[in-house]
Amino acid sequence: MIKKALLLGAIPLTILMIIVLVQTVSAKDIDYELRYGNDLDSSDYYSNSYIEVPNKEELTYNIVIPPSFELKAEDDKLQLYLEEETLAIAVRVKANGYVYSSYNFADGFYSESDSVVNPIKSGVTLELYKETTPTSQSYLDTREVFDDQGAKDVRVATANIVDISNGFKAEIDFDFSEIMIKFDLIVSIEDGTLIVDIPAESIKEYNPNIWDSSEQYYILRNIVVFPYFGSTKSETDGYVVIPDGSGALISLESSPDIKASFSLDVYGSDLGYMSQSFRTRALSVKPISRVTMPVYGVVHDVDNTGFLVVSESGANYAIFNFKSTGLINDYYNSYFSYRYRESYEQYQSRANEDQYRIAFQENINDYDLVQKYIFLSGTEANYVGLAKTYQEYLIDNDQLGDMRRSIYSSTPTKVDFIGSEITPGILTAKTTEITTYNEVTEILAQMKEDGYKNIITSYKTYNMNEDSYRFKVFRQLGGSNDFEDMISFLDENNIIFSYYSDYVRSYDDYSKSHAQTLSKRSIYYIELSWMFYAHSVTSTRYYDEFAKDDVKNLNEYNIEGISLNGFDRAIFTSYKDGIVSSSQNMSEIIEALKYFEDNDVYTNIYLPDAYLYKYVNEYYDAPISSSEFSFQSASIPFLQLVLGGYVDMYSPYLNFVSDESTSLLRMVEYGVFPSYILTGGSTYDLKTTNSSNVYISQYDVLSRRISDYYDFLNPGLGVTIGKEMTNHIFLDKGVSLVEYDNTIQILVNYNDVEIFYMGEMVPPNSYVVLS
C-alpha cells in the first residue's frame, strides 16, 4: 500500500510529498539495514541515545543464593528468600532463573565502611527528624553505648520473624534509646508478584518523651523499604524507566557521562507543607514534568529480565528516588520512599514572613503502605512490556474503565475558546469579554468550510461570582439566546462540545473555601507566566457542590460534557479543624467525578493523575516528552502505551512551540492529536488579562499554521484513530518505529539527513507510514 512521507520545514510550512513503497516488518523480530544518506555528526541526533539491540537471544540464569538467605515462600512463578540478619530479601524468577535481591550479595563490601554498607544491606531504613534535624537510621545501624564492661556497639533495631503461608511478617522495633518506633513489615508472593505491606495500625511511636523540649527524641519522617532492590553497578543493555512526563529511560552504563541523584513527588509536591515565601518557591532552573503514575521499572537485560514496581496504597505520599552509580556508592538504585510526617513553617508574625519556627504535624499520616513488584521475562522485559503490564494492572483493578476512544474519519482537532478573562482593575479585579458566542460560531463555521471534519471544542469563562473559571452565560457575550444558538450550531455540525471548568483556582483575596496549609495560611500556587502569578487553592470538600451546580447548568442547555482543569495541584495536606490528609482530597475528587458519571456527563481532564484514569473521557495536555534532562537516555511514550488504546489524547496548545519540527514528529510518534486555543478578537485583548501568556490566538492569523500542521499530522495520526499502540522501538539515534494493533507501523526520523530503511529513503525530520 502506498503512503505519503512528509517533510516539515519552517513556518510557513512547505509540505513535500514523497511517494514510497514500503513493506511491513515485525518490530519484535526486526532484522533491518539502516544507513544514512550523508555523514552524520552526533549533533544531528535528536532525543534518544538509547538504541535497541535486535534479535536478542533469550537467556536462562543459574544464580546461587547464599545460605544466609532462607526460603520463605514459593509459587509456580517465584521463590522468596529472607536473610534475617539484614532483613534483606531475594526473589528468584522461575521463568529464567534470574535472581533479584535487595542488595548485591556477590559484593563483599570489603573496602566500605559501615555507614556505606548498612543502608545498602538493610531491608528497611527510617528517615527521621532528630528534634528538627533530618537524619536516618538503617536496620543494621549500631550505636556505641557504655556499661560496666566499657564501650560496645548495640544494634538500633530488632525484628521478630513470623512465618505466614505465602511469606513472612517482620515485627520490627527500632527500640534504641530515643528512637522507639515499631511497625510490621509483611512480605509475600501472590500469583507471581511480590507484595510489601506495612499496615498503618502497626506503626507506633512510643517514646514517652516525644515532643518534650527538655529531652532528646526522634520522630518519624519517611519509611524506605528495600531501597537497593534490583540495584546494579552497571548493565550492558539495561535501563531504569521513570514516570517523568511521558516517560524516560536512564541507561545503566558503567561510567555515565553525567551522574544524577533526584527525588520526585508522585502526583506533585504537597502544597500544604510548602513555604509561603515567594522567593523560596517561585524560581526554577527548569520545570520538572509531573509524575502522574505511581510506578517505575528496572530492566537488567532488555528482552530477558526486568520488573515493574507499583505503589498500590500510599501513592499520594510516595516519593520516587533515583541515584546514579559513582555518587554515594557504586550502585544505581531506584525506589519509593513514603512520607509519614513533614516539617512546615509556623509563622509568628502576620506582617513578617521571616519570623517563623519549624513545626511538625503531631500525628503521622494514616495509610497502609502497599507496594507490588511484577516480574517480566523474555520479550516482555522492556519498557513496552512494563507499560502493558501496568495497563493490565489497571484493568484488573478496575482503574482504567472501558475503551472510550472515538472513531473519526480523519485526525480530530481540538480548539479551546477564551470567552472571558480576569483582568486587574484599579481597586479590584474585573472581567474582560474576549470571544462572543457568535464569534465562536463564525470561527467554527469557517473551520468546517476549511475542511476540518472532526472538531472538539470547549469554552472558558472567568466567573467573578465564583472567582474562578466556572460556568456562566454572559449577557455581554451575547446572552442566553446567542448561547443557545451556538449550542444548536455545534449539535447540527457534529462538533463535540464541553464547558471548561477549574475547581482548584481561586483569585479571591479571602474565602472560606480556600484550603489552608498546616501553618493555617491559604494555600496558593505560583505560575510566573500568568498575569495573576499566584492563585489560592480551593478545598476539595467543595467539589461535590461545584459538580452539582455544573450538572444543573449543563443539563439546562443540553451540554453533555465538561473539561476539568486543575486537578494536577489538588493533592495536598491541609488544615481544617485538624489535619486533612491528601487521601481525603483524592476521595472527594473521585466523588465529584462519580456524580458527573451518574448524571451522564462525560469528563475530559487536563493532565490527570493515574487514580483518575477511570473517569477520563479525553486526556488533555498530554505530555509528549520527559523533562529531557541530560542524564536521561531517551523520552519514551510510556504514558501513551498505557492509555493510548483507551482514551484519545490531545497535545498542549500548538499556538506557539519552540521546536515545531520535533513537537509534530513527537505527536505522530506518540499518537497525540493537536490542540489550540483561540479568540474571536485581537490577541492584543489578552495583554492585560490572565491569558497574557497567549501570544497568538486569532484564527485568521493561525489558520495557515493549523492547516499546515494538520497536513503534516493527518497521514500519520489518521491511520491510528481508535487503535492501540502495541510496540515502540529505537532503531538508531533519532530513529523510532511505532506499531499499532491494526498492523500499521510508523517510522520517524528526527535526524537532519535522510535515512535508508529496508531499501527505502526516509527524508530528514519526517516520517513514513508502513502497511
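No experiment lies behind these values; they were computed from the predicted model shown.

A. Structural view of the pattern of salt bridges. A complete count under the given rule lists 26 salt bridges for this structure. Notably, a salt bridge pairs E466 with R470, separated by 3.7 Å at the nearest N-O pair. A relative accessible area of 4% means that R470 is categorised as buried. K594 is the partner of E591 in a salt bridge, and the nearest nitrogen-oxygen pair spans 3.9 Å. On the criterion of helical spacing, the pair formed by E591 and K594 is a turn pair, its members being three residues apart in helix α7 (residues 582-598). Take E591: its relative accessible area is 43%, and that puts it in the partly exposed class.

B. How the structure looks around the packing of helix α4 (residues 437-449) against helix α5 (residues 479-492). Running from amino to carboxyl end, α4 crosses α5 at an angle of 20°, the nearest separation of the two axes being 8 Å. Comparing their axes, α5 and α4 come out roughly parallel. The hand of the α4/α5 crossing is left-handed. On α5, the residues that touch Y437, N438, V440, T441, L444 and A445 of α4 are G479, D482, F483, M486, F489 and L490. Here the contact of α4 with α5 is composed, by residue class, of eight nonpolar, three polar and one charged.

C. Up close: the side chain of E669. Relative to the assigned elements, E669 resides in helix α9 (residues 660-670). Of the side chains bearing the opposite charge, R666 lies closest to the buried E669, which forms no salt bridge; the N-O distance is 4.1 Å. At 2.6 Å, the side chain of E669 forms a polar contact with the side chain of H728.

D. The packing of α9 against helix α10 (residues 699-717), seen in detail. For the pair α9 and α10, the least separation of the axes is 9 Å and the interaxial angle reads 25°. Classified by the interaxial angle, the pair formed by α9 and α10 is roughly parallel. The interaxial crossing formed by α9 with α10 has right-handed handedness. Contacts between α9 and α10 pair E660, L664, L665, M667 and V668 from the former with Y709, F712, L713, G716 and L717 from the latter. Its residues placed into classes, the contact of α9 with α10 shows eight nonpolar, one polar and one charged.

E. View of the confidence of the model for the chain. On average, the chain scores 89 in pLDDT, and the residues at 70 or more come to 90%. Per-residue pLDDT stays below 50 along residues 38-47; that stretch engages in 21 contacts with residues further than four places along the chain or on separate chains. Predicted confidence for residues 278-283 stays below pLDDT 50, and this span has 18 contacts to residues more than four positions away or in other chains.

F. Region of interest: a negative patch on the surface. A contiguous patch of negative charge, built from D491, E492, E560, E597, D598 and D600, is present on the exposed surface. Elements supplying a minimum of two residues to the negative patch: α5 and α7. Mapping E492 onto the fold places it in helix α5.

G. Broad picture of the sheet that holds strand β9 (residues 133-138). Here six strands make up an open sheet; going across it, the order is β9-β8-β17-β24-β23-β20 and the pairing antiparallel. Two strands in the sheet have a free side with no partner beyond their single neighbour: β9 and β20 (261-265). Strand after strand, the sheet turns through a mean of 25° between neighbouring axes, direction not considered. Where strand β17 (residues 218-225) and strand β24 (residues 333-339) come together, three bridges link them in antiparallel fashion. Paired with V224 across the two strands is S337, which belongs to β24.

H. Up close: the environment of D416. In this structure, D416 sits in strand β28 (residues 413-418). Placed 261 residues apart in sequence, D416 and I677 show a C-alpha to C-alpha distance of 4.6 Å. If sequence neighbours within four positions are ignored, D416 has contacts with S458, Y606, Y653, Y676, I677 and L678.

I. Quick look at the side chain of R569. Within the secondary structure, R569 sits in the loop between β38 (561-565) and β39 (574-575). Within the structure, the side chain of R569 is placed 3.5 Å from the side chain of D568, a separation counted as a polar contact. R569 has contacts with L271, V504, R505, Y525, E527, H535 and V537, leaving out every residue within four places of it along the chain.

J. Examining unusual backbone geometry more closely. The backbone of D577 sits at a positive phi, close to 55°, despite the residue not being glycine. Relative to the helices and strands, D577 resides in the loop between β39 and β40 (579-580). If you check the backbone angles, T743 has positive phi at about 70° while not being a glycine. By the element assignment, T743 lies in the loop between β47 (735-740) and β48 (745-749). Accessibility expressed as a relative area gives 54% for T743, which makes it exposed.

K. Layout of the pairing of strand β18 (residues 239-242). Of the two faces of β18, the one holding Y239 and V241 and the one holding V240 and I242 are both buried throughout. Examined bridge by bridge, β18 and strand β21 (residues 295-301) share three bridges and lie antiparallel to one another. Residue pairing for β21: V240 is matched across the bridge by V298.

L. Summary view of the environment of N765. By the element assignment, N765 lies in the loop between β50 (760-762) and β51 (766-770). Given a relative accessible area of 18%, N765 falls into the buried group. Taking the C-alpha atoms as reference, N765 lies 5.5 Å from N749; in sequence the two are 16 residues apart.

M. The arrangement of α5 in detail. With 14 residues, α5 extends 20 Å from end C-alpha to end C-alpha; this agrees with the ideal 20 Å at 1.5 Å per step. Looking only at α5, the buried set comprises G479, D482, F483, M486, I487, F489 and L490. Angular distribution of buried residues about the axis of α5 spans 160°; they occupy a single face of the element. The exposed set on the far side of α5, more than 90 degrees from its buried face, consists of N481, D491 and E492. Looking at the residues trailing α5, positive phi occurs at N494, about 55°.

Basis of the calculations
Residues numbered from 1 in each chain as written. Predicted model: local features only at pLDDT ≥ 70, side-chain atom pairs only at ≥ 80, totals over all residues. Heavy atoms only, no water. Salt bridge = Lys/Arg side-chain N within 4 Å of Asp/Glu carboxyl O. Buried < 20%, exposed > 50% of the residue type's maximum accessible area, 1.4 Å probe, protein only. Helix = DSSP H or I, 4+ residues; strand = E, 2+ residues; numbered from the N terminus. Axes fitted to C-alpha atoms, helices over the stretch in contact; angles between N-to-C directions. Parallel < 35°, antiparallel > 145°, perpendicular 65-115°, else oblique. Left-handed = near helix turned anticlockwise from the far one by under 90°. Contact = heavy atoms within 4.5 Å. Nonpolar A, V, L, I, M, F, W, Y, C, P; charged D, E, K, R; others polar. Lys, Arg positive; Asp, Glu negative; His and termini not counted. Polar contact = N/O pair within 3.5 Å; in protein donor to acceptor, adjacent residues only side chain to side chain. pLDDT = per-residue confidence, 0-100. Patch = residues over 30% accessible without salt bridge, like charges linked within 9 Å, V, L, I, M, F, W, Y side chains within 5 Å. Areas by Shrake-Rupley, 256 points an atom, 1.4 Å probe, with all protein chains shown as cover. Charge placed at Lys NZ, Arg CZ, Asp CG, Glu CD. Pairing = 2+ DSSP bridges. Expected span 1.5 Å × (residues − 1). Arc of directions from axis to C-beta.

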